Amino acid sequence: FNIGHFVEPWLKTEVDLACLKYVRQLALNRDTVHRAREEISRAKTLAGRWHLATSVHLYTSGLSGMMHLCGPERLCLMVVENPGLVQAYLEYDHGINMATIELAGEGGIDIVERNGFYETADFYSPRMLDAFLGRLLKEEAEAAHAGRMLAKYTVHTGVMPILDHLAALPFDAIFGIDIAFRNVSLEEVVRKLSGKCLWMGPSSTFHLWKGPDATRQAVRRVFEVVGKRGLVLS
């Protein structure tokens, strides 16, 4: 499903979505559930030995996953020209996520990770994000909480216009904001997202590749602005 490898976009019409649903089905039969529970049990045993939390990374990823199927330009047009197809894909995607969350909760997983990487203002307005994703993301985070798990949401760039949108989502943690990207105010991020745990640190794009000094300075800045509570340096 990688953007760089398709000759023709996978998802252009409702017929394409019907085909995708046929070849990528949610098959929660007895064997599948049994294998999943065995994997969870092994992970819990290993994590217990080292006193670590366990997490499940949701297989599907909303508009980011759809971008892999369509390409960014086509999807940015589709949200305007054919929003019904976009919403239908997101509902299908959401159903897989909800079933995964339920299974993870039954197995005693600690954290649910939802990758929203490209679900930002780089591509969509805050109103679009709320319209397409607001209810679905809320239900996924609340399902994690109902299963006694924490919920973490990944975004990367294009976050400044959507801080209120992110703050309103019931996720416990926000992961991956690039603190060195243009126009990012770390102080404003911390102020708007003060009720959430922030998983952030040196930028992999702007700091790490410049060597130890730039990386150390970025770490110090994060500690200075965020503090050492409510922060997972990452």
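Look a little higher up for the structure.
Residues numbered from 1 in each chain as written. Predicted model: local features only at pLDDT ≥ 70, side-chain atom pairs only at ≥ 80, totals over all residues. Heavy atoms only, no water.

The interhelical angle for the contact between helix H3 (residues 62-70) and helix H4 (residues 72-81), taken along N-to-C directions, is 120°, at an axis separation of 7 Å. One finds that H3 runs oblique with respect to H4. In this structure, H3 crosses over H4, and the sense of that crossing is right-handed. Contacts between H3 and H4 involve Leu-63, Met-66, Met-67 and Cys-70 from the first element and Pro-72, Arg-74, Leu-75 and Met-78 from the second. When grouped by side-chain class, the residues that make up the contact of H3 with H4 number seven nonpolar, no polar and one charged. (Axes fitted to C-alpha atoms, helices over the stretch in contact; angles between N-to-C directions. Helix = DSSP H or I, 4+ residues; strand = E, 2+ residues; numbered from the N terminus. Parallel < 35°, antiparallel > 145°, perpendicular 65-115°, else oblique. Left-handed = near helix turned anticlockwise from the far one by under 90°. Contact = heavy atoms within 4.5 Å. Nonpolar A, V, L, I, M, F, W, Y, C, P; charged D, E, K, R; others polar.)

Okay, the pattern of salt bridges next. All told, the structure shown has 15 salt bridges when counted by the stated rule. With a closest N to O distance of 3.4 Å, Glu-113 and Lys-152 form a salt bridge. You can see Glu-113 sitting in strand E2 (residues 111-115) and its partner Lys-152 sitting in strand E3 (residues 150-154), a full 39 residues away along the chain. An identical accessibility class is assigned to Glu-113 and Lys-152; each is buried. Of the charged contacts, one joins Arg-114 and Glu-140 as a salt bridge, the two residues approaching to 3.0 Å between their closest N and O atoms. A residue pair is termed long-range when its members are at least 10 positions apart, and Arg-114 in strand E2 and Glu-140 in helix H6 (residues 126-146) qualify at 26 residues. (Salt bridge = Lys/Arg side-chain N within 4 Å of Asp/Glu carboxyl O. Buried < 20%, exposed > 50% of the residue type's maximum accessible area, 1.4 Å probe, protein only.)

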